[in-house]
Amino acid sequence: MILEIDDITCGYGSKPVISGVSFEIKSGEFLCLLGPNGAGKTTLFKTILRLLKLQSGRISLDGENIENWSRRRFAARVGYVPQAHTPPFPFKVVDVVAMGRAAHLSMFGSPTCIDLEIAEQALDTLAISYLRNSIYTEISGGERQLVLIARALAQQPEILIMDEPTSNLDFGNQIRVLEYIKKLVNESGIGVIMTTHYPNHALFYASKVMALGRDGIFSIGLPGQVITEDYLRQTYGVSVQIIESELKNGSEVQVCIPFAANI
Ligand SMILES: Nc1ncnc2c1ncn2[C@@H]1O[C@H](COP(=O)(O)OP(=O)(O)OP(=O)(O)O)[C@@H](O)[C@H]1O
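This is a predicted model, so every value here is computed, not measured. (Residues numbered from 1 in each chain as written. Predicted model: local features only at pLDDT ≥ 70, side-chain atom pairs only at ≥ 80, totals over all residues. Heavy atoms only, no water.)

Asker: What exactly am I supposed to notice about a nonpolar patch on the surface here?
Answerer: A contiguous nonpolar patch, built from Phe89, Phe91 and Met99 and spanning about 290 Å² of accessible area, is present on the exposed surface. With respect to the helices and strands, Phe89 occurs in the loop between strand S6 (78–81) and helix H3 (93–98). We classify Phe89 as exposed; its relative accessible area is 52%. (Patch = residues over 30% accessible without salt bridge, like charges linked within 9 Å, V, L, I, M, F, W, Y side chains within 5 Å. Areas by Shrake-Rupley, 256 points an atom, 1.4 Å probe, with all protein chains shown as cover. Salt bridge = Lys/Arg side-chain N within 4 Å of Asp/Glu carboxyl O. Helix = DSSP H or I, 4+ residues; strand = E, 2+ residues; numbered from the N terminus. Buried < 20%, exposed > 50% of the residue type's maximum accessible area, 1.4 Å probe, protein only.)

Here it is, written out as structure tokens:
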């Protein structure tokens, strides 16, 4: 499966937020999208998901323009984890996760035993089975984030789009979720596009990175090529040093460490 974004412009009404964006994501790739607040990351995602009208350009799946695809057809192949939100209805967690199966059901069908089993498995994978009977509106922001990830896993998409999936998670859950996503990418061949505000997450886990700048200019490439000290200083206005280090297990990593001139 290949999702191709070709020279697109997205925004609200007739006002563009980002333009001239092109990239592709294939099965087995983990693309991290970095950029400052307001750069247009969520706008880009909403446009790919067709929650926002494409202003210009082309989006295709396996070479086919998705312009006239039904939401349902698209959702059977592309999943979305939005930023954690509180829905107006007090559903049970297991029911929220089972909603991930909606695109695979017949028009008026209800979830089968297999669908419910897949939902239970997704809860188990993220170690949140203990929440299955909790009310979604009464759990913490981090727990809600994990439930939304479980819902997307239950959808069994070929491409998964995740908007800051670790933003509400504690240190341990951030690492567990990122490790799990990486395993999913490597073992099941899913393609993932994820936004993050943490350059280290992209350096540690991504197979490629797209970095949006304040000026609407973007670059795409290998993490170490795109996440440079210059990019981080120019984009975020902070000084950083990127250090190469060897972990106890022998693997080589690059780590980004911010510093202020007066420390
Ligand atoms: N519903 C809307 N109507 C009009 N403009 C909007 C709307 N939502 C967002 N914008 C504008 O679009 C721009 C990009 O917003 P977007 O949410 O895509 O940024 P982002 O990169 O996801 O930011 P963050 O990192 O803060 O989540 C911002 O200038 C924002 O004010």
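Further notes follow.
Asker: Looking at this model, I keep getting lost on the packing of aromatic side chains. Mind explaining?
Answerer: Aromatic ring pairs are described here by two measures, namely the spacing of the ring centres and the angle between the planes. Using the criterion set out here, one finds 2 aromatic pairs in the structure. Each ring, one from Phe204 and one from Tyr205, has its centre 6.4 Å from the other, and the planes form 70°; the classification is edge-to-face. Considering the side-chain rings of Tyr231 and Tyr236, the 6.2 Å spacing of their centres and the 90° angle between planes classify their relative orientation as edge-to-face. The exposure class of Tyr231 is buried, given its relative accessible area of 11%. If you follow Arg50 out to its NZ or CZ, it ends over the ring of Phe74, 5.6 Å from the centre. Directly above the ring of Trp69 sits Arg73, whose terminal nitrogen or CZ lies 3.7 Å from the centroid. (Phe/Tyr/Trp six-rings, centres within 6.5 Å; stacked < 30°, edge-to-face > 60°. Lys NZ or Arg CZ within 6 Å of the ring centre and 35° of its normal.)

Asker: Help me understand the domain arrangement of the chain, please; the structure alone is not making it clear to me.
Answerer: You'll often see interface size given as the accessible area lost when the parts meet. The domain boundaries assigned to the chain delineate domain 1 (1–77 + 157–223) and domain 2 (88–156). Once you take the C-alpha centre of each, domain 1 and domain 2 turn out to be 23 Å apart. In this complex, domain 1 contributes 16 residues to the contact, which on the side of domain 2 involves 17 residues. Across the domain 1/domain 2 interface, buried area totals approximately 1300 Å², and carbon plus sulfur atoms make up 65% of it. Area buried by domain 1 at its contact with domain 2 is led by Arg72, Pro157 and Tyr180, which between them contribute 41% of it. At the junction of domain 1 and domain 2, the tally comes to 0 salt bridges. Between the two partners, domain 1 and domain 2, sit 1 residue pair in polar contact (both at pLDDT 80 or more). (Domains from an automatic or database assignment. Contact = heavy atoms within 4.5 Å. Buried area = accessible area lost by both parts, 1.4 Å probe. Polar contact = N/O pair within 3.5 Å; in protein donor to acceptor, adjacent residues only side chain to side chain.)

Asker: Even after reading the chapter, I still don't get the sheet that holds strand S9 (residues 208–212), so can you show me in this structure?
Answerer: In any sheet, the strands associate via hydrogen bonds between backbone groups, in a parallel or an antiparallel arrangement. The strand order across the open sheet formed by 6 strands is S6-S7-S8-S3-S9-S10, and the pairing between neighbours is mixed. Of all strands in the sheet, those bounded by a partner on one side alone are S6 and strand S10 (218–221). Pairwise comparison of adjacent strand axes, ignoring direction, gives a mean angle of 15° for this sheet. Of the strand pairs in this sheet, strand S3 (residues 30–34) and S9 are connected by 4 bridges, and their pairing is parallel. Paired with Leu33 across the two strands is Met210, which belongs to S9. Its contacts with the sheet place helix H6 (residues 171–188) against S3, strand S7 (159–162) and strand S8 (191–195), and it is angled at close to 150° to S8. (Pairing = 2+ DSSP bridges. Axes fitted to C-alpha atoms, helices over the stretch in contact; angles between N-to-C directions.)

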